[in-house]
Amino acid sequence: MVELNKLLLEFESNLKSEGVTKEWKERRPSWVSDVAASVNLTYLAELLVELESKLQGESVDIQWSERRNRWVEECLGASIVQEVSSLLLELETNTNSEAMADEWPHNRENWVQQMHKFNE
């Protein structure tokens, strides 16, 4: 569980500031604390939805809007680590590379490998 929290924080920390809303800049410090302290998968999934809701529209692929509502429903119904990790991985996959830090492509492969460990 703690490992998933770290991976969520790693993903978020690699988002460029212009890829998120202005409101996120105010909420971010307490959100990071909430994620770091979370021991509840349902709450962690809610925090994932909150992060996604603060992404700028151009930060995600065009087809994301078709999937988004169902993805949010799945997050809010997620209760096991495999579900939450898959939903986080799906969000990352649909996040445009321009919204991510320049070093993310170098770190991404290892991050994705760690994400897949939750589904083994």
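Quick note: structure is the one above.
To keep things clear, this report deals only with the structure shown in the data block. None of these values were measured; they are calculated from a predicted model.

### Concerning the side chain of threonine 95
Assignment of secondary structure puts threonine 95 in the loop between helix H5 (81-93) and helix H6 (104-116). For threonine 95, a relative accessible area of 8% gives the class buried. The residues contacting threonine 95, other than those within four sequence positions of it, are Phe11, Leu15, Leu55, Ser59, Val60 and Met100.

### Brief notes about the packing of aromatic side chains
Counting across every chain of the model gives 5 aromatic pairs. Here phenylalanine 11 and tryptophan 111 contribute two aromatic rings whose centre-to-centre distance is 6.0 Å and whose plane-to-plane angle is 35°, an arrangement assigned as tilted. With phenylalanine 11 in helix H1 (residues 2-13) and tryptophan 111 in helix H6, the pair connects residues that are 100 residues apart, well separated along the chain. Classification of phenylalanine 11 by relative accessible area gives buried; the value is 0%. Taking the centre distance of 5.3 Å and the plane angle of 65° together, the rings of tryptophan 104 and tryptophan 111 count as edge-to-face. Just as tryptophan 104 is buried, tryptophan 111 falls in that class too. Taken together through their ring pairs, the aromatic side chains of Phe11, Trp104 and Trp111 make up a single cluster.

### Here's the deal with the nonpolar core
In terms of nonpolar packing, the biggest core is built from 36 residues, with Leu4, Phe11, Trp71 and Trp111 touching the most fellow members. Ranked by residues supplied to this core, first place goes to helix H3 (residues 41-53) with 7 residues. Among residues more than four places away in sequence, those in contact with leucine 4 are Leu41, Leu44, Val81, Val84, Ser85, Leu88, Met115 and Phe118.

Reading the values: rules and limits
- Residues numbered from 1 in each chain as written.
- Predicted model: local features only at pLDDT ≥ 70, side-chain atom pairs only at ≥ 80, totals over all residues.
- Heavy atoms only, no water.
- Helix = DSSP H or I, 4+ residues; strand = E, 2+ residues; numbered from the N terminus.
- Buried < 20%, exposed > 50% of the residue type's maximum accessible area, 1.4 Å probe, protein only.
- Contact = heavy atoms within 4.5 Å.
- Phe/Tyr/Trp six-rings, centres within 6.5 Å; stacked < 30°, edge-to-face > 60°.
- Core = buried A, V, L, I, M, F, W, Y, C linked by side-chain atoms within 4.5 Å.

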